[in-house]
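Residues per chain, in single letters:
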Amino acid sequence: MAVATDRKLEELSINSIRMLSIDGVQAANSGHPGLPLGAAAMGYVLWTEYLRHNPSNPAWFNRDRFVLSAGHGSMLLYSLLYLTGYDLPLEELKNFRKLGSKTPGHPEIHMTPGVEVTTGPLGAGFSNGVGMAIAEAFLAAHYNRPGHNVVDHRTYGIVSDGDIMEGISMEAAALAGHLALGKLIYLYDQNHMTLAGSANVSFSEDVGARFEALGWHTVALDGLDPDDVRRGLDEAIATSDKPSLLICRTVIGFGSPNKANTFGVHGSPLGPDEVKATKEAFDWPTEPAFYVPDPALEVFREAVPAGKRLEADWDSAFAAYEQEFPDLAAELKGAIAGKLPAGWDAGLPTWEVGSKIATRKAGEAVIGAFFEKIPTFIGGSADLDPSTNTGMKNAGDFENPNLPLTDKVQGALGGEWSYAGRNIHFGIREHAMGGAVNGMAAHGGVIPFSATFLVFSDYMRAPIRLAAISQYKSIFVFTHDSIAVGEDGPTHEPVEHVMSLRLIPDLTVIRPADGNETTAAWRHALEASGPTVLVLSRQDLPTLDTGSTKAGLDHGAYVLSEPDGEPDIVLLATGSEVQLAVAAASTLAGDGISARVVSFPSWEIFEEQDAAYKRSVLGSEETPRLSIEAGTTIGWERYADASVGVDRFGASGPGAKVMEQYGFTAENVVLQAKALLGEST
Ligand SMILES: Cc1ncc(C[n+]2csc(CCOP(=O)(O)OP(=O)(O)O)c2C)c(N)n1
Ligand SMILES: [Mg+2]
């Protein structure tokens, strides 16, 4: 009897998710009812019985993370957030997809209490979850002590056919399998249906076999059956040495009499008639919309006191930890709060005027100077540490501690191989690397970075864009920043990349001109609250003489050298081209032309300065300005009247020769400056 009642209540609860979701989509007259109808049982079981969260405090650090990688199913998540008692009133569900609501079309972090990551581009959430599991494993290994598991949570996700088909999830799954991230558990909503048709038009592999081969534990189950979902979750939790994929067979649009199991239910509202028919099929009152029976709401709302208890228990566990390990506890607290440890910047390197260093090498020295002082700075490259110079010496490699020792021979940067290692070997998986870094940033407690060649930023553009939308504190290091790469030829020589990264709103791009600007660039990245792209040179660059210049990189652009009296021309240059501007200015001076040289490492930081400062750098409207940057010139019109740049692909040859052939010589800058002056007089 009790079981029968419980079953009824369970059904009522699952159907509450379904009905709220179809009502939300119908009210918006836009959205995706199919996924919530099919995945409601998965959501119900996970959110009411397994997920350790505190709806009253979505920021509780040790909560389980939940990622809805299939972001189009956002109404499922909003329904769950409302039902379990997050600060998301029913009114917000009624305003689904309306401007200014807390229920945007796809989940956006910072918009909705309880949304952990911004999802929508399929596969992105999958990779973010891997990053979250990495962050958890690192923090646990670094801070937990015997009897004190202060960092100890799982990362769950719901992923769809589309997520599984996207390449990024393959990369991310391979990484997660290799790293044996046992606390990562994904429920795959396998409904065999996608946006434009039945998934089998393009998707016929054995997903289970593929994930098994990648080192995952897989369970096939009936996603519509709560008990089967429990079975899968129990198995996944019991499997601590592998990530788990629960392959949950479901029906898209389940319960809709005329639309279930059709692709039409993926992305269009059911329509008033079908909403009514669906409610009738579920024996649900057709009016009012957004109706939730009290007993069902009570079931979900148990998450509120339960969550408070979970956090209170953790608070006492943390207090005991703090008692025994005050220094570690203080460090962890600071990291969770996103604070840099006091004195982190003591001993950052500086370079003497006249010395030469590639900015990638300067970056290595900067990282070397601060990484021990910031123990939660973690990251690595896509198999390019020896070239990006981003390895942390003797900081250990982030690795599956149970990897057979024989495998641990090559490529180590020194130190332990464990989850406490700080050098992450992402493998040659740039897209997933970007997604994982974003996931780590969203998780919090760590400051993550990635590194590869600038030309491969194209492979990371999607995660970089998501970092900007979501304001993750992700640091993306890109080296080999121009045609000066040389011998590797046009495939390895970025041309349009710096400018195209500048196109992304709310992203700070910095291309430092020398070692000292590189130190300042790293400082900016570490102190920023959002994402930063650092663009560094492969080749040596001379250390600039900034003389008495007070302003610097923290102004985005600054006057590096000023002629006596009013300048005839202003030379605006970035990165490796600043030295050319300096040399050209001195030649021009000999010819009686006074040139101001502006070092312009970051457009975005410069744009934040006040008008008076900007004027003081750019000069008057009448003074001609020439930009010099080894990249696409489109865009420089914002600041310059003419440009020395690269508007075609590069070439294979020694870097210095390529630069020369493409006009990156002081002589050509002089020539172009004179031409501009000639034109303007
Ligand atoms: C990278 C990317 N490509 C395309 C889309 C557009 N899109 C949204 S959902 C979807 C496929 C839906 O199929 P599935 O993932 O199985 O979700 P379901 O319809 O079963 O809910 C597509 C192609 C997207 N969101 N992201
Ligand atoms: Mg599908």
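Residues numbered from 1 in each chain as written. Chains lettered and ligands numbered in written order. Predicted model: local features only at pLDDT ≥ 70, side-chain atom pairs only at ≥ 80, totals over all residues. Heavy atoms only, no water.

### Focus: the site of ligand 1
- Not every one of the 15 residues close to ligand 1 is listed here, only the nearest: His72, Ser160, Gly162, Asn191 and His266.
- Note that an oxygen atom of ligand 1 is positioned 2.6 Å from one of the side-chain N or O atoms of Ser160.
- Taken by itself ligand 1 offers 580 Å² of open surface, and the protein chains cover 75% of this.
- Residues belonging to the shell around ligand 1 are distributed by class as follows: 6 nonpolar, 7 polar and 2 charged. (Near = heavy atom within 4 Å. Polar contact = N/O pair within 3.5 Å; in protein donor to acceptor, adjacent residues only side chain to side chain. Areas by Shrake-Rupley, 256 points an atom, 1.4 Å probe, with all protein chains shown as cover. Nonpolar A, V, L, I, M, F, W, Y, C, P; charged D, E, K, R; others polar.)

### Focus: the sheet that holds strand β17 (residues 569–573)
- Read from one edge of the open sheet, 5 strands run β16-β18-β17-β19-β20, paired in mixed fashion. Strands at the two margins of the open sheet, each flanked by one partner only, are β16 (558–561) and β20 (642–644). Going from strand to strand, the sheet's axes swing by 30° on average, the running direction of each strand aside.
- Of the pairings in the sheet, the one linking β17 to strand β19 (residues 625–628) comprises 4 bridges and is parallel in character. From the neighbouring strand, Leu572 faces β19, where its bridge partner is Ser627.
- This element, helix α23 (residues 611–618), spans β16, β17, β18 (595–599) and β19 of the sheet and lies at about 125° to β18. (Pairing = 2+ DSSP bridges. Helix = DSSP H or I, 4+ residues; strand = E, 2+ residues; numbered from the N terminus. Axes fitted to C-alpha atoms, helices over the stretch in contact; angles between N-to-C directions. Contact = heavy atoms within 4.5 Å.)

### Points about the pattern of salt bridges
- Inspection of the entire model under this criterion finds 26 salt bridges.
- Note that Asp591 is salt-bridged to Lys674, the shortest N-O span being 2.6 Å. Of this pair, Asp591 sits in the loop between α21 (578–590) and β18 while Lys674 is found in helix α25 (residues 666–680), placing the two residues 83 residues apart along the sequence.
- The partly exposed category is assigned to Asp591, whose relative accessible area is 42%.
- The closest approach of N and O atoms between Glu607 and Lys614, which form a salt bridge, is 3.0 Å.
- Accessibility expressed as a relative area gives 34% for Glu607, which makes it partly exposed.
- Residues joined by salt bridges that share partners form a network here, namely Arg7, Glu10, Glu49, Asp227 and Arg230. (Salt bridge = Lys/Arg side-chain N within 4 Å of Asp/Glu carboxyl O. Buried < 20%, exposed > 50% of the residue type's maximum accessible area, 1.4 Å probe, protein only.)

### Things to note about the packing of helix α2 (residues 34–50) against helix α3 (residues 74–83)
- Contact pair α2 / α3: the axes reach a minimum separation of 9 Å and the direction vectors enclose 35°. The hand of the α2/α3 crossing is right-handed. Residues Leu35, Pro36, Ala39, Ala40, Gly43, Tyr44 and Trp47 of α2 pack against Met75, Leu76, Leu77, Leu80 and Leu81 of α3.
- Residues of the contact of α2 with α3, tallied by class, amount to 11 nonpolar, 1 polar and no charged. (Left-handed = near helix turned anticlockwise from the far one by under 90°.)

### Some words on the coordination of the magnesium ion (ligand 2)
- Binding of the magnesium ion (ligand 2) to the protein goes through Asp161 (OD), Asn191 (OD1) and Met193 (O), at separations of 2.0 to 2.2 Å.
- Overall, Asn191 belongs to the buried group, its relative accessible area being 6%.
- Classification of Met193 by relative accessible area gives buried; the value is 10%. (Donors = N, O, S within 2.8 Å, 3.2 Å for Na, K, Ca; no water.)

### A short note on the environment of Ala312
- Tracing the backbone shows Ala312 in helix α13 (residues 303–324).
- In this structure the C-alpha to C-alpha distance between Ala312 and Ala442, which are 130 residues apart in sequence, comes to 23 Å.

### Things to note about the domain arrangement of the protein chain
- Structurally, the protein chain comprises domain 1 (7–308), domain 2 (356–542) and domain 3 (555–680).
- Each of domain 1 and domain 2 was reduced to a C-alpha centroid, and the two centroids are 32 Å apart.
- Each partner contributes to the interface: domain 1 provides 32 residues, whereas domain 2 provides 33 residues.
- For the pair domain 1 and domain 2, the summed buried surface comes to about 2700 Å²; carbon and sulfur atoms form 69% of the total.
- Taken together, the links from domain 1 to domain 2 amount to 0 salt bridges.
- The tally of links between domain 1 and domain 2 comes to 11 residue pairs in polar contact (both at pLDDT 80 or more).
- Looking at the side of domain 1 that touches domain 2, the element that brings in the most residues is helix α5 (residues 124–143), giving 14 residues.
- When its residues are assigned to classes, the side of domain 1 that touches domain 2 shows 20 nonpolar, 8 polar and 4 charged. (Domains from an automatic or database assignment. Buried area = accessible area lost by both parts, 1.4 Å probe.)

### Points about α2
- Here α2 contains 17 residues, and its C-alpha end-to-end distance of 24 Å stays within 8% of the 24 Å for a straight helix at 1.5 Å per residue.
- In the structure, α2 departs most strongly from a straight axis at Ala40, where the bend amounts to approximately 55°.
- For α2, the buried fraction is high: 15 of the 17 residues fall into the buried class. (Expected span 1.5 Å × (residues − 1). Bend = angle between axes of the 7 residues up to and from the residue.)

### Describing the sheet that holds strand β1 (residues 65–68)
- Strand order in the open sheet formed by 5 strands is β1-β2-β3-β5-β4, with parallel pairing between adjacent strands. What marks the edges here is a single partner per strand, and that holds for β1 and β4 (217–222). With direction set aside, neighbouring strand axes in the sheet form an average angle of 15°.
- Two strands pair when backbone bridges link them, and β1 and strand β2 (residues 155–160) are joined in this way by 4 bridges, in the parallel orientation.

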